[in-house]
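# Observations on the three-dimensional arrangement
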Amino acid sequence: MTEILVQDVAGGALSTDPRVVDHPAWARLKNAVEEIRGWQSADGSIDFDAEDAPARADADTALDRITAAVGELSPLLPHGADYHRALLADLRKWAAGGYGVPDFLDSLLAFQPAAERVDGRQHLVVFPMYTQNGNPDRNLEAVVLRMVWPEWLAELEATRYDNPLFCGITFEDFTAGYDTNSAVLFPETVAVREAPERFTWGGIFCDREAARFRRVTEAAVEVLGVELPEDIRRMLGDQARCEQAFVLWDMVHDRAHSHGDLPFDPFMIKQRQPFWMYGLEELRCDLTAFKEAVRLEAEGHPHGRDVQYAVLFDRMFRFPVTGDRVRNYDGLGGQLLFAYLHKHDVIRWTDNTLHIDWRRAPEVTNRLCGEIEQLYRDGIDRPKLVHWFAAYDFVSTYLAPHPGSRWAKGPDALDVTQPPRRLVDDVLPDEFPLSMFYEALAKKLKSVIASTKGITAADVEGTAA
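Residues numbered from 1 in each chain as written. Predicted model: local features only at pLDDT ≥ 70, side-chain atom pairs only at ≥ 80, totals over all residues. Heavy atoms only, no water.

### Notes on the overall build of the protein
Looking only at helices and strands, the protein features 15 helices and nine strands. With the C-alpha coordinates of the protein rotated into their principal frame, the extents come out at 65 × 55 × 40 Å. Residue burial in the protein is summarised as follows: out of 465 residues, 54% are buried. Taking as baseline every contact in the protein between residues at least 6 positions apart, the subset at least 24 positions apart corresponds to 72%. Element-wise, carbon and sulfur atoms account for 49% of the exposed surface of the protein, whose accessible area totals about 20,100 Å². (Helix = DSSP H or I, 4+ residues; strand = E, 2+ residues; numbered from the N terminus. Buried < 20%, exposed > 50% of the residue type's maximum accessible area, 1.4 Å probe, protein only. Contact = heavy atoms within 4.5 Å. Areas by Shrake-Rupley, 256 points an atom, 1.4 Å probe, with all protein chains shown as cover.)

### Observations regarding the packing of aromatic side chains
In this structure the tally under the stated criterion is 31 aromatic pairs. Between the aromatic rings of F313 and F317, the centroid separation amounts to 5.4 Å while the plane-to-plane angle is 15 degrees, which identifies the pairing as stacked. Taken together, the positions of F313 and F317, both in helix 10 (residues 304–318) and four residues apart, correspond to about one turn of that helix. Note on F317: relative accessible area 1%, which makes it buried. Ring plane angle 55 degrees and centroid distance 5.1 Å describe the contact between Y340 and Y398, whose orientation is recorded as tilted. (Phe/Tyr/Trp six-rings, centres within 6.5 Å; stacked < 30°, edge-to-face > 60°.)

### Details of the environment of D179
Structurally, D179 can be placed in the loop between strand 5 (166–174) and strand 6 (184–185). Given a relative accessible area of 41%, D179 falls into the partly exposed group. With 44 residues separating them in the primary sequence, D179 and N135 have C-alpha atoms 9.1 Å apart. Residues in contact with D179, not counting those within four places in the same chain, are F174, K453 and G454.

### Considerations on the sheet that holds strand 4 (residues 139–148)
Strand order in the open sheet formed by five strands is 3-4-5-7-6, with mixed pairing between adjacent strands. The sheet is open, and its two borders are formed by strand 3 (122–129) and strand 6, each paired with just one other strand. Along the sheet, helix 6 (residues 206–224) makes contact with strand 4, strand 5 and strand 7 (202–205), crossing strand 5 at roughly 75 degrees. (Pairing = 2+ DSSP bridges. Axes fitted to C-alpha atoms, helices over the stretch in contact; angles between N-to-C directions.)

### With respect to the packing of helix 6 against helix 8 (residues 239–256)
Running from amino to carboxyl end, helix 6 crosses helix 8 at an angle of 115 degrees, the nearest separation of the two axes being 8 Å. The interaxial crossing formed by helix 6 with helix 8 has right-handed handedness. Residue-level contacts link C206, D207, E209, A210, A211, F213 and R214 of helix 6 to Q239, C242, E243, F246, V247 and D250 of helix 8. Class assignment of the residues belonging to the contact of helix 6 with helix 8 gives a composition of seven nonpolar, one polar and five charged. (Left-handed = near helix turned anticlockwise from the far one by under 90°. Nonpolar A, V, L, I, M, F, W, Y, C, P; charged D, E, K, R; others polar.)

### Details of helix 6
The end-to-end C-alpha distance of helix 6 is 26 Å, a good match for the 27 Å that 19 residues give at a rise of 1.5 Å each. Most of helix 6 is tucked away: 15 of the 19 residues are buried. Phi turns positive, to about 70 degrees, at G225, one or two residues after helix 6. (Expected span 1.5 Å × (residues − 1).)

### Let's talk about the nonpolar core
Core analysis: the biggest nonpolar cluster contains 142 residues, and L29, F313 and W407 have the highest contact counts within it. No other element matches helix 9 (residues 275–298), which puts 10 residues into this core. For L29, the contacting residues outside a window of four places in its chain are I66, A69, V70, L73, L124, V126 and A142. (Core = buried A, V, L, I, M, F, W, Y, C linked by side-chain atoms within 4.5 Å.)

If you want it as structure tokens, here you go:
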């Protein structure tokens, strides 16, 4: 089997680990998981009375293949032994219960990838789960991943951007739920009997993010005639370099959700808010990463400039034209960034060419970050509905609301005697439609965007050695 190099971030000895996906047991595990996935309902259960349902014996056979394969693979991953034992127990418990709604809380609690972040370390992960921006059902999934935790990133996390739960990861192989647009592995997606008191890790696949960023950005640059600085053009041609930019961006972004003058729960768990609030929060965190990247570049950090342009291009070129237009909060954030930079003459669309003032881009982008931060600071003293309207006014300064919007007409057009969460029903699915520029760009990039489904580093050319 092929071996991979693993280095402890503390400077420990180098070692070699065999690649899990090269072991014959991985193929057997993956095939058995795919078989069970096809039998599961949306909640993860198997209804043996349904039409085309398997025989109970067939399900048992498939599950036995999974447990046997986990047993064979576990010795390759001694750091995951506790998780693997709990996983086998949860799989057997699921079978013993007749394959009802799965409960993998015990194995979820045993899986602790952030407890010891080692660059290059592999993990075998098997859970019934939905994949964010991928499969909405809690089907069984299997994924082999590799930790991305180089020494320079570990040092930044230890000295400037404390984020003990963050895991940068890349794909080795995966089942069908990840042959999608999903680029995250989050514990809250796993089927459990009750949510843990706190989550202790969160993983983001920087290889998928980098690969789709490269493919979409290269296409957008060609369509729009953007003249790139030579160092940014070299970055786009280098998968490994882009992965390094994304893992730094993701770490700072993730941390930003719990830092700053926050007028509300930044993750908005169990809250119902207008989607522009989610859009502003995601953009604020991205612009926080941008602001920190400007500082890092000034200090001579090699990835500072790369992060800035990863944020700018992904936000402006990919986010607004990706996904549907039903409360697309990530798309909204990209639209807002583009419109702000356009209003302040950092970007101009003239002669069918997009011109970018590279010199002023960092300053003006940081100014937008400052205005959103001020909106948050002021929001601490506002009632919820007043804050929502203030945020709406901020966004609509740069983006034209739908002409049929009730929110655009102000409080007098809404029944403000209702609880604020009820007024979310009056928000249009596409409250801030795409501009004519983005409508045209979406048509040009449609096939490129579609081609990024399930993309990994192996699917893009130009990976540097």
